[in-house]
Amino acid sequence: MKVTFLGTGTSQGIPIIGSKHPVCLSSNSKDKRLRVSILVEWEGNTYVVDCGPDFRYQMLRAGVEKINGILFTHEHTDHVMGLDDIRPFYFRQGDVSLYGHKRVLKSLKKRFDYVFKTKNRYPGAPSVILNRIKNKPFEIGGLEVLPINGRHAELQVFGFKFNDFAYLTDMKTVKDKEVEKIKNVRVLVINALRIEPHRSHFNLEEALEFIKRVNPEKAYLTHISHLLGFHDEVEKTLPENVFLAYDELQLTI
Ligand SMILES: [Zn+2]
Ligand SMILES: [Zn+2]
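All of these numbers come straight from a predicted model, not from anything done at the bench.

Let us now look at unusual backbone geometry. With an omega of 0°, the peptide bond between Ile-14 and Pro-15 qualifies as cis. With respect to the secondary-structure elements, Pro-15 resides in the loop between β1 (2–7) and α1 (22–25). Even without a glycine there, the phi angle at Asn-184 is positive, about 65°. Take Asn-184: it is sitting in the loop between α7 (176–179) and β11 (187–191). Although it is not a glycine, His-223 sits at a positive phi angle of roughly 55°. Structurally, His-223 can be placed in the loop between β12 (218–222) and α9 (231–236).

Further remarks concern the nonpolar core. Within the largest apolar cluster, 31 residues are counted, with the highest numbers of intra-cluster contacts made by Leu-168, Ile-182, Leu-188, Ile-190, Phe-210 and Leu-221. Every element with two or more residues in this core is listed here: α1, β8 (143–152), β11, α8 (204–214), β12 and β13 (242–244). Of the residues forming this core, the biggest block, 5 residues, is contributed by α8. Aside from chain neighbours lying at most four places away, what touches Ile-190 is Leu-168, Met-171, Phe-202, Ala-207, Phe-210, Ile-211, Tyr-220, Leu-221 and Thr-222. Counting 28 residues, the second largest nonpolar core, distinct from the first, contains Val-49, Tyr-99, Ile-140 and Phe-158.

Around the zinc ion (ligand 1), the protein supplies His-74 (NE2), His-76 (ND1), His-152 (NE2) and Asp-170 (OD) as donor atoms, at distances of 2.1 to 2.4 Å. Coordination geometry of the zinc ion (ligand 1): the 4 donor atoms subtend angles of 90 to 174° at the metal centre, consistent with an arrangement described as irregular. In the primary structure, the donors to the zinc ion (ligand 1) are separated according to the pattern H-x1-H-x75-H-x17-D. Between the zinc ion (ligand 1) and the zinc ion (ligand 2), both coordinated by Asp-170, there is a metal-metal distance of 3.4 Å. Classification of His-74 by relative accessible area gives buried; the value is 0%.

Moving on to the coordination of the zinc ion (ligand 2). Four donors placed tetrahedrally about a metal ideally form angles of 109.5 degrees, and six donors placed octahedrally ideally form angles of 90 or 180 degrees. Donor atoms from the polypeptide that coordinate the zinc ion (ligand 2) comprise Asp-78 (OD), His-79 (NE2), Asp-170 (OD) and His-223 (NE2), at 2.1 to 2.3 Å from the metal. One can describe the donor arrangement at the zinc ion (ligand 2) as irregular, given that its 4 donor atoms subtend angles of 93 to 166° at the metal. Read N to C, the donor residues that coordinate the zinc ion (ligand 2) are spaced as D-H-x90-D-x52-H.

Sheet strands pair via backbone hydrogen bonds, and the direction of the pair is either parallel or antiparallel. Strand order in this open sheet of 7 strands is β6-β5-β4-β3-β2-β1-β14, and the pairing throughout is mixed. The sheet is open, and its two edges are formed by β6 (128–132) and β14 (250–252), each paired on a single side. This sheet shows a mean twist of 20° between the axes of neighbouring strands, independent of strand direction. Alignment of strand β4 (residues 69–71) against strand β5 (residues 96–100), held across 3 bridges, turns out to be parallel. Each residue of the ladder has a partner; that of Gly-69, found in β5, is Ser-97.

Taken together, the side chains of Lys-102, Lys-106, Lys-110, Arg-111, Arg-132, Lys-134 and Lys-136 define a basic patch exposed on the protein surface. Of all the elements, helix α5 (residues 102–111) adds the most residues to the positive patch, at 4 residues. By secondary structure assignment, the location of Arg-132 is in strand β6.

Let's shift gears to the packing of aromatic side chains. Tallied over the full model, the rule gives 12 aromatic pairs. Summarising the aromatic geometry, the rings of Phe-112 and Tyr-114 are spaced 6.5 Å apart at their centres and angled 65° between planes, so their arrangement reads as edge-to-face. We classify Tyr-114 as partly exposed; its relative accessible area is 27%. Taken together, the aromatic side chains of Trp-42, Tyr-47, Tyr-99, Phe-138, Phe-160, Phe-162 and Phe-165 make up a single cluster linked through ring pairs. Between the NZ or CZ atom of Lys-30 and the centre of the ring of Tyr-246, over which it lies, the distance is 4.6 Å.

Calculation criteria
Residues numbered from 1 in each chain as written. Chains lettered and ligands numbered in written order. Predicted model: local features only at pLDDT ≥ 70, side-chain atom pairs only at ≥ 80, totals over all residues. Heavy atoms only, no water. Helix = DSSP H or I, 4+ residues; strand = E, 2+ residues; numbered from the N terminus. Core = buried A, V, L, I, M, F, W, Y, C linked by side-chain atoms within 4.5 Å. Buried < 20%, exposed > 50% of the residue type's maximum accessible area, 1.4 Å probe, protein only. Contact = heavy atoms within 4.5 Å. Donors = N, O, S within 2.8 Å, 3.2 Å for Na, K, Ca; no water. Tetrahedral: all angles 85-135°; square planar, octahedral: opposite > 155°, others 65-115°. Pairing = 2+ DSSP bridges. Axes fitted to C-alpha atoms, helices over the stretch in contact; angles between N-to-C directions. Patch = residues over 30% accessible without salt bridge, like charges linked within 9 Å, V, L, I, M, F, W, Y side chains within 5 Å. Areas by Shrake-Rupley, 256 points an atom, 1.4 Å probe, with all protein chains shown as cover. Salt bridge = Lys/Arg side-chain N within 4 Å of Asp/Glu carboxyl O. Lys, Arg positive; Asp, Glu negative; His and termini not counted. Charge placed at Lys NZ, Arg CZ, Asp CG, Glu CD. Phe/Tyr/Trp six-rings, centres within 6.5 Å; stacked < 30°, edge-to-face > 60°. Lys NZ or Arg CZ within 6 Å of the ring centre and 35° of its normal.

Encoded structure:
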């Protein structure tokens, strides 16, 4: 299985438009972060987790020619707003499969109403197949995916475990019985926003505590704000099995 980080930044991305913050001005390519998303590929299957506002460029940059579906963690703008750019895939392949909590699917119907219209459809509008995720395993491309339920302040969020790889983002609290599902996983990805605490995201300290609970072989941090600091400097401070993810990083699992 191959995982590509399409984006590793928080909701505004890095650099932030107009910002003079040193991290936003950094010339290190690892300090430039599009909105969070990953590409997961195995045996001819290509799935994306979330499709935020940078989806179009992320697909071009990664050279993606077809996708089998999109899994949504939750409905925040930085995770869904690229949905219109599934059109090239729709024109080539037909309806695109979307997977999400029923609340997320409802939100997509509201925000992208033209996609779901049945009468007088705009001819260029894409068409999708909705697949509701509950907190139990489901199958895509012959692989069992295990949802991991967590909270992003009050909002429910799903993380996903594919084989020995778990991807969780926008988490603030995760119950022990959910952690149990990913205990000792080989590779864990978890959100770490910044140094200071935040009401709905793990800060660095909370992410490191969470990693101890899961006890993975390796962990990668994502959904990173410029306030976390420079990539190369932050990485030096991390435990030896913890790394900062960066855009275009690829892992083979
Ligand atoms: Zn969010
Ligand atoms: Zn987010």
